[in-house]
Structure formats: C-alpha cells, structure tokens
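Understanding the architecture of this molecule
These are the residues of each chain, in order.
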Amino acid sequence: MRQLSIAVLALAAALAAPVRAEAPLAQRLDAALAPMFKSGAPGATVIVVKDGEPVFRKAYGLADVDRNTPLQPEMQLRIGSITKQFTAVAILMLAEQDKLSLQDEVTRLLPDYPAQGQRITIAQLLQHTAGIPSYTGMLGYALFGERDRSVQQVIDSFKDEALDFAPGERWAYSNSGYFLLGAIIEKVSGMPYAQFLAQQIFEPLGMRDTAYEGHERSARRRVTGYREGFLGGYRPAPHISMTLPYAAGALVSTVDDLARWDAAISAGKLLTAASWQQAFTPCALPGGGKCTYGYGWSTGTMRGHRLVAHGGDIAGFNSQAIRLPDDKVFVAVLGNGNRTILNTERVAFTAAAMAAGDPFPSYRAIPMAKLALASFAGSYRMADNGMRTISFDGGGLRFERKGRAAVGLRPYAADKFFLEGALATIDFARGPDGAVTGFTLHGIYGDESAERVFN
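None of the values given here were measured: they were computed from a predicted structure.

Rules behind the numbers
- Per chain, residue numbering runs from 1 following the sequence as it is written.
- Local features in this predicted model are restricted to residues whose pLDDT is 70 or higher, and side-chain atom pairs enter the listing and the counts only when it is 80 or higher, whereas totals over whole chains, interfaces and linings include all residues.
- To get the side-chain values, take all heavy atoms of the structure and skip hydrogens and water.
- In this scheme, strands are said to pair when DSSP sees at least two bridges between them.
- Strands are runs of DSSP state E lasting at least 2 residues, helices are runs of H or I lasting at least 4, and numbering of each runs from the N terminus.
- Disulfides are defined as pairs of cysteine sulfur atoms found within 2.5 Å of each other.
- Throughout this description, buried means an accessible area under 20% of the type-specific maximum (1.4 Å probe, protein chains only), exposed means over 50%, and partly exposed covers the range between.
- For this analysis, residues touch if any pair of their heavy atoms sits within 4.5 Å.
- We define a salt bridge as a contact between a side-chain nitrogen of Lys or Arg and a carboxyl oxygen of Asp or Glu at a distance within 4 Å.
- Within this scheme, the nonpolar core is defined by two criteria: the residues are buried Ala, Val, Leu, Ile, Met, Phe, Trp, Tyr or Cys, and they are joined through side-chain atoms within 4.5 Å.
- Pairing of aromatic rings covers Phe, Tyr and the six-membered ring of Trp, with a centre-to-centre limit of 6.5 Å; geometry is then stacked below 30 degrees between planes, edge-to-face above 60, and tilted otherwise.
- Both a distance and an angle decide whether a charge sits over a ring: NZ of Lys or CZ of Arg must be within 6 Å of the ring centre and within 35 degrees of the ring normal.
- Lines fitted to C-alpha atoms define the axes, with helix axes restricted to the stretch in contact, and inter-axis angles between N-to-C directions lie between 0 and 180 degrees.
- The predictor's confidence in any single residue is recorded as pLDDT, a number from 0 to 100.
- For the purposes of these results, a polar contact is taken to be a pair of N or O atoms within 3.5 Å, where, inside protein, one atom must be able to donate a hydrogen and its partner to accept one; residues adjacent in sequence count only when each atom of the pair is a side-chain atom.
- This arc describes the spread of directions from the helix axis toward the C-beta atoms.

**Notes on the sheet that holds strand S9 (residues 251–253)**
Sheet architecture is open: 3 strands sit in the order S5-S9-S6, paired in antiparallel fashion. The open sheet has two edge strands with one neighbour each: strand S5 (77–78) and strand S6 (211–212). For S5 and S9, the ladder comprises 2 bridges, and the chain directions are antiparallel. Within the sheet, the bridge partner assigned to Leu 77 lies in S9 and is Ser 253.

If you want it as structure tokens, here you go:
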C-alpha cells in the first residue's frame, strides 16, 4: 500500500509539473538562422511575416566589412532577379488597360526586333519560353559591365543571336526576355521604366525605399556588396552599370518594402484576381514538358505547401523571397554577398518552413567505406535532360551541376544522402544486380528524378 501511495504521489507530481513550453517562433528562428552567418563577414536582412504580421525582423553580418559596420534590417540592398515580378506586374497592368495583349507578337511593339521568322509573344517573354539566349550568359558580357548602355544598345548586343529553340517549345531562363519587356513597358506607357514602376507600383503601395538603382526616391543608404577575396576575406564586388540588368534585375529594396509588396498581393491590389492568378500559373509546354514558371515567379510546393518564390543574384548580392499563400507566410532575405559567401535561399526556406510549422529535418552523417562511396560516382541525366555529376575525391562525394559550385554529399543512411549547406536529400536507386541506376532528388521545390548514364 505504501508503494502504491508513493507511485500515486509521483504521478500526481508529474501531472502537476509545468509543461515545458516551446520557445517563441522568433527565438526559434534566430537560433536556426544565426549559425548560417559567419563572424566578420557580409550578411543579410531577414523578415518573416505570418498571418499578415511581422513575426521576425533582423539583420545578420556586416554592411561594411572594412569599417565593421553591422547590417540593419531597414537597409537597402540590390534584389537582383526579384525585379522580374515587378516587371511582370507592370506588363499585366498595361494589359488590363488594353494597351497591349499578352498574345501580341514582340514585333508589333518593337518593330525593329528581328524575330527570325518566328512568332515570339509577350507571354513567352514573361515565362522564359521564347528561346531568346540570355545576354548575361553571352561571351563578352562581363567586359562591358562598367559602362552605361542605352536600352537599344543592350538589345542590339543579343538581337541577332540564333534562338536556342522554337518559341513555346521549351523553357530556359532568359534575362533577355525581361530586358525586352522593359523596352515594351517604355514604348507602351510613354514613360521610362524607372518612372513607370515608381508612379504605378511603388508610390501607391508606400514602397518608398524601392527603386531602379540610380533613381532612388529616399535617403536610405544602399550597402556595399561583396565577393570572396583572392587570399581569403572579402572584397567589394566589381562595379556594374545598372543599365545592364535593367528590367531583369536592377531594383533595390528593403525587406520591409518587400513585406508591403506581399501584403498588396494578398489584398489583390494593382491587378484583378484573374491577372494575379495568371501570374502564379506555370506555363504549359508541348508534350507535357516540365515548367514551374509563371509571370515573374516560380511556382511549386515546399514539403507539400503551395509555394510562389523567386531568387536573385547580381554582383555582390543574392536574395530570396518566398510566399506560402495557404499558410499566409512570407519571407524575404536580402544578402550583401555572393552566393558563395551566403546562400539566402537556404536561410529563406529554413525560415519559411519553420513559420509554416513544418521545419526541414536535420541529418547527421554516418561513416561509409570509401569503396562504397565511390560506387555512387557518375553522370546522371535529369528528367529535363540537364546533367548532374557526382564525383569521388578520395575523401567524400561532391554533387555538381553546370554553372554552380560543387557541394558535399554526405550519407545519413543506406543509399540516402544529404547535400551540405542545402535543404535537399538524395535517395539512390539500384537495379536487380545491386548497381546504382539513378536517384531521386528531394529539393526545396519538390522532387526530381535522374538516370545514371555514365559511371
């Protein structure tokens, strides 16, 4: 009986003990994000909005490395290709005013543009399906980065290039398409691109710190952008004239203004509901080809949550903005370093998943014999025919795609790996003989499969 009484008392004490409450979201976000930033390095400004209210707003790292000046959340940074959604909305506004149609051929509005006998539409420019090569990937682009150019001079630099494919046939990201959209906005509206966006979008929405760089309307100070130094450390990124990125990537903004932008989208401002729906609808390709791009936004799912997002990369800066419309979550991260210094995509998706109550799991590497690791090395063809290379350097595996830095691939279970510094995992498949035949990449935008083509 005495033992029973003790057990009852122990149970009562356990039930009466206070339950350890989960830390507030802001505290958990800070604990998760802070380790992603290096001491004495460039950093980023971050905002997280939930149910229309900011729940987290903070800056990490330095605005000026030499002077050890910390970043502040209200500081203005380049946003790179997040610019494209503003260009797309400007086009949709002009379409609603019956000043153009999305099915108009480019040559109707820009008669001197050589379409090479093809029908290239405004909609195809918006969705990157026009087949026009991206001028930022052309040989010699970096050589004239410091010089101001007119809109026509930049168009002249790529207009005679052969198309990569017939318009509407495939999807391929092209800054040239959005540059042309900027020229169309100027032609149709009769205003410079910078002025149209300021008068029709930024000022009505109270976005006083957002502008085409060089046409700012506030005294907010834009911070320095950085790249890695030759012998370690950091150095300012080279100067680039903002006449080059133009309507494809020349805007500066703050995380606060981007939150205002998200609130305007959620409230259905500037456009009709039908036009907003168009903006977030991915393109359709012949034969059911994969396309996740709408008008200025990428679409998809993140861990099953509906996603609308876009990132940006421009000299000395990288950025990421994410909307989870069903969860009423918005995240913006603006970094003042190249992606090799800080990956804003990882920061933003980590924060968005936490705000949605569905955080990414963490993985711990397990030991694996070198011979076993080497068996995964090879070339793999993705469903979109893009190639990925997995190499073994004698100590571990490296995962690489063309144009991006290789990242470490670490095992956490049999045939299961995680990408270092990324929110992605890979599950390898094997054939009847036990040989590796392909993999499924579980990434932040969903799953992608690949077939092994070379050992």
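**Describing the pairing of strand S10 (residues 298–302)**
With 5 bridges connecting them, S10 and strand S11 (residues 305–314) associate as antiparallel partners. Bridging from a neighbouring strand, Met 302 pairs with His 305 of S11. The hairpin turn running from S10 into S11, its antiparallel successor, is 2 residues long, and Arg 303 in that turn takes a positive phi close to 50 degrees.

**As for the state of the cysteines**
Throughout the structure, instances matching the rule amount to 1 disulfide. The disulfide partner of Cys 283 is Cys 291, and the gap between their sulfur atoms is 1.8 Å. An S-S torsion of about 105 degrees defines the bridge between Cys 283 and Cys 291 as right-handed. Just as Cys 283 is buried, Cys 291 falls in that class too.

**A word on the environment of Phe 144**
Secondary-structure assignment places Phe 144 in the loop between helix H5 (122–127) and helix H6 (151–158). The exposure class assigned to Phe 144 is buried, which follows from its relative accessible area of 17%. Leaving out residues up to four positions away in the same chain, Phe 144 has contacts with Arg 149 and Leu 244.

**Considering the pattern of salt bridges**
Under the definition given, this model contains 19 salt bridges. For Glu 74, the salt bridge goes to Arg 57, with nearest N and O atoms at 3.7 Å. Separated by 17 residues along the polypeptide, Glu 74 in the loop between strand S4 (69–70) and S5 and Arg 57 in strand S2 (residues 53–60) bring together distant segments of the chain. Judged by relative accessible area, which is 29%, Glu 74 ranks as partly exposed. Classification of Arg 57 as partly exposed rests on a relative accessible area of 38%. Here the residues in one salt-bridge network are Arg 57, Glu 74 and Asp 256, joined through shared partners.

**As for the nonpolar core**
Counting 90 residues, the largest nonpolar core has Phe 86, Leu 100, Leu 102, Ile 184, Ile 201 and Trp 261 as the members making the most contacts within it. When residues of this core are assigned to their parent elements, the largest contribution, 9 residues, is made by helix H3 (residues 83–96). Setting aside anything within four residues of it in sequence, one finds Ile 201 in contact with Phe 86, Val 89, Ala 90, Met 93, Phe 196, Trp 261 and Leu 270. Of all hydrophobic cores here, the second largest spans 31 residues; its members include Val 48, Tyr 60, Leu 342 and Ala 348.

**Considering the packing of aromatic side chains**
Scanning the entire structure with this criterion turns up 28 aromatic pairs. Ring plane angle 70 degrees and centroid distance 5.6 Å describe the contact between Phe 86 and Phe 202, whose orientation is recorded as edge-to-face. Of this pair, Phe 86 sits in helix H3 while Phe 202 sits in helix H8 (residues 193–202); the two residues are 116 residues apart in sequence, bridging distant segments of the chain. Phe 202 matches Phe 86 in its accessibility class, with the two residues each being buried. Taken together, the ring pairs connect Phe 86, Phe 202, Trp 261, Trp 276, Phe 280 and Trp 297 into an aromatic cluster. Stacked on the ring of Tyr 178, the Lys or Arg Lys 84 has its end atom at 5.8 Å from the ring centre.

**Observations concerning the sheet that holds S11**
Strand order in the open sheet formed by 6 strands is S2-S1-S13-S12-S11-S10, and the pairing between neighbours is antiparallel. Taken across any chain shown, the strands that pair with only one partner, and hence form the sheet edges, are S2 and S10. Shown here is a sheet whose adjacent strand axes are inclined to one another by a mean of 15 degrees, direction ignored. Two elements, strand S12 (residues 317–324) and strand S13 (residues 329–335), share 7 bridges in a ladder whose sense is antiparallel.

**Structural notes on the confidence of the model for the protein**
Taken over all residues, the pLDDT of the protein has a mean of 92, while the share at 70 or more is 95%. Below a pLDDT of 50 lies the segment residues 1–19, which in the model reaches 0 contacts outside its immediate sequence neighbourhood of four places, other chains included.

**Remarks on the side chain of Thr 87**
If you trace the backbone, Thr 87 turns up in helix H3. At 2.7 Å, the side chain of Thr 87 and the backbone oxygen of Ala 247 are in polar contact. Apart from the residues lying within four places of it in its own chain, the contact partners of Thr 87 are Tyr 178, Leu 181, Gly 182, Ile 185, Tyr 193 and Ala 247.

**Details of unusual backbone geometry**
Most peptide bonds take the trans configuration, and most residues that are not glycine carry a negative phi. Backbone geometry at Asn 68 places phi at a positive 60 degrees, although glycine is not the residue there. If you trace the backbone, Asn 68 turns up in the loop between strand S3 (62–64) and S4. For Asn 68, a relative accessible area of 54% gives the class exposed. The phi torsion at Lys 328 lies on the positive side, around 55 degrees, for a residue other than glycine. Here Lys 328 shows up in the loop between S12 and S13.

**Focus on helix H2 (residues 25–33)**
Along H2, the positions that sit buried rather than exposed are Leu 25, Leu 29 and Leu 33. For H2, the buried positions fall inside an angular range of 55 degrees around the axis, keeping them on one side. Every exposed residue of H2 that faces more than 90 degrees away from the buried side is listed here: Gln 27 and Ala 31. Contacts from the buried residues of H2 go to strand S1 (44–50), S2 and helix H12 (344–355).

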